[in-house]
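Chains, contacts and geometry: an overview
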Amino acid sequence: MNSKFSTILAIESSCDETAAAIIRDGRKILHSSVASSTLLHAKYGGIVPEIAAREQLMYIIPVITEVLRNLDPDANQNYKTIIANTIDAIAVTQGPGLIGSLLVGIETAKTLSFITKKPLIPVNHVIAHMFANFINQDPIQYPAVSLVVSGGHTELYLMKSAEDIHWIGGTLDDAAGEAFDKTARLLGFENRGGVAIQESASKATSHQMVKIAKLPRPMLDNNNIFNFSFSGLKTAILREVNTLKNANQFNEHTINQLAYEVQESITDVLIRKTLHAAETHNAQSILLSGGVSANLRLREKLISKNSGYTIHIPPVNLCTDNAAYIGSYAYFRGTPTDWGDVTAIPDLSVEV
Ligand code: KG4
Ligand code: ZN
């Protein structure tokens, strides 16, 4: 186990969140700061890379200085001294992500490493998500099956230890978060698709239901393969939306009903596949992580299965993008790399 770098300054800038955190021994958050440009993108119907990158530039220094200042308020904002005296290594997201966004975090981290001579640890953002389960939680019992569900990824891993992680399946097309976001837009929600579907679904009431087609549960019939496919959902929802509009029945009640169905379809598939992977690989525990693991219905369904596995789910604020799990990953499985050799890799493989 890598225990050399007790206190790590971690930086995350892969998409539309800019974040910094200071992590102690991979498990304790000393300080964390997250800025987001999510709302700025709403009117464009998706994240605009150019806008995301410009916002990263605006926020990167403020989030880093905030966590350093909180770490040592007496240091009179002498950040170089704070890093020199208290930080053992710097971790940064290397990919996957948007090139313009990644570069902001990478170049900032490289500069800090260059000036302070602290080791630099590049981090795989998607695999790092699962390390949110190492923060303030009981130690993981191995083997574990780990589902990472975010805006761009739906990946299943078999973990034999923090260092020994194998990819066992993933989405063939849209990610689960993308399915939430795209269907949310079809239902008229511009912002924060997953959260909007969750809220709308919670208002669905059975006595107001109109007849709608049951949404597909893609790839469930092929139980031996731990792959996912969510792109068909948006076609199914589009068809229902058009039918309801033609019948003059597209209203708040039917939107809530459709949101409920979308959430049930996505969470059913995620849970069935994960439980099947756990059974196949004789897992002791199941780990959930990534932005979609903030979904309350997904969390509730997995826990209520009483499957016998120990279930680990991060608190909601550690599911969506932040730098705490970047620091935890760096502690448990990071490799210090000369700053001159660290580059942003937008399509960094998640199939380890
Ligand atoms: O991990 P994350 O913050 O960023 C990426 O690495 O992609 O994940 C963002 C995704 C978005 O698709 C968002 O809609 C989804 O997580 N999400 C949710 C919820 N909160 C965030 N999906 C369903 N229910 C939620 N409560
Ligand atoms: Zn993420």
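Residues numbered from 1 in each chain as written. Chains lettered and ligands numbered in written order. Predicted model: local features only at pLDDT ≥ 70, side-chain atom pairs only at ≥ 80, totals over all residues. Heavy atoms only, no water.

1. Comments concerning the coordination of the zinc ion (ligand 2)
Coordination of the zinc ion (ligand 2) by the protein comes from H125 (NE2), H129 (NE2) and D321 (OD), over a distance range of 2.0 to 2.1 Å. Mapping the donors of the zinc ion (ligand 2) onto the primary sequence gives the spacing H-x3-H-x191-D. A residue pair is termed long-range when its members are at least 10 positions apart, and H129 in helix α5 (residues 125-129) and D321 in the loop between α11 (316-319) and α12 (324-333) qualify at 192 residues. Under the relative-accessibility criterion, H129 is labelled buried at 1%. (Donors = N, O, S within 2.8 Å, 3.2 Å for Na, K, Ca; no water. Helix = DSSP H or I, 4+ residues; strand = E, 2+ residues; numbered from the N terminus. Buried < 20%, exposed > 50% of the residue type's maximum accessible area, 1.4 Å probe, protein only.)

2. Observations concerning the side chain of K273
The residue K273 is located in helix α9 (residues 252-280) in this model. Given a relative accessible area of 3%, K273 falls into the buried group. At 3.1 Å, the side chain of K273 and the backbone oxygen of N227 are in polar contact. Sequence-distant contacts of K273, defined by excluding residues within four places in its chain, comprise L156, M219, L220, N222, I225, F226, N227 and F228. (Polar contact = N/O pair within 3.5 Å; in protein donor to acceptor, adjacent residues only side chain to side chain. Contact = heavy atoms within 4.5 Å.)

3. Structural notes on the site of ligand 1
Residues in contact with ligand 1 amount to 18 residues; listed here are only the nearest, G151, D181, Q198, G291 and N295. The side chain of Q198 places a nitrogen or oxygen atom 2.9 Å from a nitrogen atom of ligand 1. In this structure, V292 approaches ligand 1 through a main-chain N or O atom, which is 3.5 Å from an oxygen atom. Calculation on ligand 1 without its partners gives an accessible area of 550 Å², and the protein chains cover 86% of this total. Among the secondary structure elements, those contributing two or more residues to the shell around ligand 1 are α5, α6 (176-186) and α7 (193-202). By residue class, the composition of the shell around ligand 1 is four nonpolar, twelve polar and two charged. (Near = heavy atom within 4 Å. Areas by Shrake-Rupley, 256 points an atom, 1.4 Å probe, with all protein chains shown as cover. Nonpolar A, V, L, I, M, F, W, Y, C, P; charged D, E, K, R; others polar.)

4. Digging into the pattern of salt bridges
Here the structure, examined in full by the defined rule, presents ten salt bridges. Measuring nitrogen to oxygen at the nearest pair gives 3.7 Å for the salt bridge that ties E107 to K110. Note that E107 and K110 are positioned in helix α4 (residues 99-116) at a spacing of three residues, about one turn of the helix. Residue D174 pairs with K182 through a salt bridge whose shortest N-O separation is 3.5 Å. Overall, D174 belongs to the buried group, its relative accessible area being 8%. Through salt bridges that share partners, R217, E264, D268, R297, E300 and K301 make up one connected network. (Salt bridge = Lys/Arg side-chain N within 4 Å of Asp/Glu carboxyl O.)

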